[in-house]
Amino acid sequence: MPRLVGQRSNTGANITVLITLVAIFGVLLEYFGVIDIVPGFGREGRYFQLKIQSTTEQVTGQPNQ
């Protein structure tokens, strides 16, 4: 197998593509609501719906024992 003498690697181009893909992935996560860095950006509904449970319900008619 011959050696490619004098050939430069494409490391700079590979890093640029990697950074671009990570940025696109981050924007998609922000848009779908997985992360929330920019308030008001993205879809109306969130990916993970936070459900707040009411803990102030009172039980009536049960005597304390």
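As the structure is a prediction and not an experimental result, all values here were calculated from the model. (Residues numbered from 1 in each chain as written. Predicted model: local features only at pLDDT ≥ 70, side-chain atom pairs only at ≥ 80, totals over all residues. Heavy atoms only, no water.)

Draft legend 1. Representation of helix α1 (residues 11–32) within the structure. The terminal C-alpha atoms of α1, which comprises 22 residues, lie 32 Å apart, in line with the 32 Å expected from a rise of 1.5 Å per residue. Note on α1: the residue one or two positions beyond its end, Gly33, has a positive phi of about 90°. (Helix = DSSP H or I, 4+ residues; strand = E, 2+ residues; numbered from the N terminus. Expected span 1.5 Å × (residues − 1).)

Draft legend 2. Region of interest: the packing of aromatic side chains. Under the definition given, this model contains two aromatic pairs. Aromatic pair Tyr31 and Phe32: ring centres 5.2 Å apart, planes at 80°, arrangement edge-to-face. Exposure remark for Tyr31: the relative accessible area of 35% places this residue in the partly exposed category. Overall, Phe32 belongs to the partly exposed group, its relative accessible area being 33%. The interplanar angle of 70° and the centroid separation of 6.3 Å between the aromatic rings of Tyr31 and Phe41 together place this pair among those described as edge-to-face. Of this pair, Tyr31 sits in helix α1 while Phe41 sits in the segment after α1, and the two are ten residues apart along the sequence. Members of the aromatic cluster, connected to one another through ring pairs, are Tyr31, Phe32 and Phe41. (Phe/Tyr/Trp six-rings, centres within 6.5 Å; stacked < 30°, edge-to-face > 60°. Buried < 20%, exposed > 50% of the residue type's maximum accessible area, 1.4 Å probe, protein only.)

Nothing here speaks to function; it is all geometry.
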